[in-house]
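# Structure at a glance
Given next are the chains, with one letter for each unit.
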2 protein chains.
Amino acid sequence: MPDDLSPSMPRPGQLLARGVCRHLRTHGFAVLEEFSPERGKRVDVMALGPKGEIWVVECKSSRADFNSDAKWEGYLDWADRYFWAVDEAFPTDLLPDGTGLIIADAYDAEILRFGPESRLAGARRRALTQRFARHAALRLQGLRDPEAII
Amino acid sequence: MPDDLSPSMPRPGQLLARGVCRHLRTHGFAVLEEFSPERGKRVDVMALGPKGEIWVVECKSSRADFNSDAKWEGYLDWADRYFWAVDEAFPTDLLPDGTGLIIADAYDAEILRFGPESRLAGARRRALTQRFARHAALRLQGLRDPEAII
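The text that follows walks through the structure, step by step, so that each part is easy to find. Bear in mind that the values here come from a model prediction, so they are computed numbers and not experimental data.

### Here's the deal with the interface of chain A and chain B
Across the contact, 36 residues belong to chain A and 36 residues belong to chain B. Both sides together, the interface formed by chain A and chain B hides about 3,000 Å², and carbon and sulfur atoms give 60% of it. Looking only at chain A, the three residues that lose the most surface to chain B are Arg25(A), Arg134(A) and Leu140(A), adding up to 22% of its buried area. Across the chain A-chain B interface, the total number found is six salt bridges. Arg144(B) is the partner of Glu33(A) in a salt bridge, and the nearest nitrogen-oxygen pair spans 3.2 Å. Secondary-structure elements contributing two or more residues to the side of chain A that touches chain B are helix H1 (12–26), strand S1 (30–35) and helix H3 (122–144) of chain A. Per element, the largest residue contribution to the side of chain A that touches chain B is 15 residues, and it comes from H3(A).

### A closer look at the sheet that holds strand S1 (residues 30–35) of chain B
The strands that make up a sheet pair up through hydrogen bonds in the backbone, lying either parallel or antiparallel. Residue and element names in this part refer to chain B. Strand order in this open sheet of six strands is S1-S2-S3-S4-S5-S6, and the pairing throughout is mixed. Two strands bound the open sheet, and with one partner strand each, they are S1 and strand S6 (109–113). In this sheet, neighbouring strand axes are inclined to one another by 25° on average, regardless of whether the strands run parallel or antiparallel. Where strand S2 (residues 43–48) and strand S3 (residues 54–60) come together, four bridges link them in antiparallel fashion.

### Observations concerning the nonpolar core
Considering soluble globular proteins, one finds that nonpolar side chains tend to be buried as a cluster. Of all hydrophobic cores here, the largest spans 54 residues; its most connected members are Phe132(A) and Phe132(B). Setting aside chain neighbours within four positions, we find Phe132(B) in contact with Ala133(A), Ala137(A), Ala30(B), Val31(B), Leu32(B), Phe35(B), Met46(B) and Leu48(B).

### Observations regarding the pattern of salt bridges
All names here are of chain A. Overall, the coordinates contain 20 salt bridges over all chains when judged by the stated rule. Between Lys41 and Glu38 there is a salt bridge, with its nearest N and O atoms 2.8 Å apart. Assessed through its relative accessible area of 22%, Lys41 is described here as partly exposed. Between Asp69 and Lys60 there is a salt bridge, and its shortest N-O distance comes to 3.0 Å. Each member of the pair, Asp69 as well as Lys60, carries the same accessibility label: buried. Linked by salt bridges that have partners in common, Arg11, Glu34 and Arg42 make up one network.

### Topic: the pairing of strand S5 (residues 100–104) of chain B
Residues and elements named next belong to chain B. The buried count for S5 comes to five of five residues, which makes it a mostly enclosed element. Pairing analysis gives four bridges linking strand S4 (residues 81–86) to S5, with the strands arranged parallel. Within S5, the residue paired with Phe83 across the bridge is Gly100. In terms of strand pairing, S5 meets S6 through four bridges, oriented antiparallel.

Criteria and thresholds
Residues numbered from 1 in each chain as written. Chains lettered and ligands numbered in written order. Predicted model: local features only at pLDDT ≥ 70, side-chain atom pairs only at ≥ 80, totals over all residues. Heavy atoms only, no water. Contact = heavy atoms within 4.5 Å. Buried area = accessible area lost by both parts, 1.4 Å probe. Salt bridge = Lys/Arg side-chain N within 4 Å of Asp/Glu carboxyl O. Helix = DSSP H or I, 4+ residues; strand = E, 2+ residues; numbered from the N terminus. Pairing = 2+ DSSP bridges. Axes fitted to C-alpha atoms, helices over the stretch in contact; angles between N-to-C directions. Core = buried A, V, L, I, M, F, W, Y, C linked by side-chain atoms within 4.5 Å. Buried < 20%, exposed > 50% of the residue type's maximum accessible area, 1.4 Å probe, protein only.

Everything listed here is a matter of geometry and, on its own, says nothing about what the molecule does.
Take a look at the structure:
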């Protein structure tokens, strides 16, 4: 791929995220990559379902990538369901019990396991949906009308 | 402008909407153009404020454009505040009392008058914010990853 040497080459985790997002869309979910649910936290994919369900997906491209993540448990409080997304070669027995699992590549993905659902409280869901809405619309405007960025 | 003859030339109302959106962003609002708050309705601009405020702006490029709009009163129920956006040449005395007024061009805009605030009920605000979130994210994905469109 000629893009392989470009400075904006996506990281492996970002390629997984793209495949995850494509797949989640087929389930009717609207997705946002690299979303910050609150200051100091950033999840790889947040997805908003047709009924307002909120899912978080963390994409791990390798054992090292997984081992270096000390923050993931903090994300459980920001989603109705939490998933890992990894590629086929990833040693999935590393992953903690009680979490969802998605196998992904850059082009598509498949949900292998749903973790337990832990429904967000109403106030947090409202705040999170509103934050998602604003981030998505601001990014969209940034792409459609770059001169609008202030 | 060479774009004047291109098939994707924006309509005058769309140019006003761009200026409106740029301006609303300076007020901290995230915006979405041509948003459908429910089936069969479509507003020119819906804006979501930092505190979750929802504003609707209808852009009118001419007297004829205004006169042909029989639907606007139906939009009042979908916003905390409603505004018209028109250009400097527009005969503003046509506009009904009790509505907000924005003077716009393609590059910027200015709020001249706030109409009265009529706060949305909680359930409608939640539904509308969620719909806004999903539409914004789906459009964003459509631009970033066109192959994701199904």
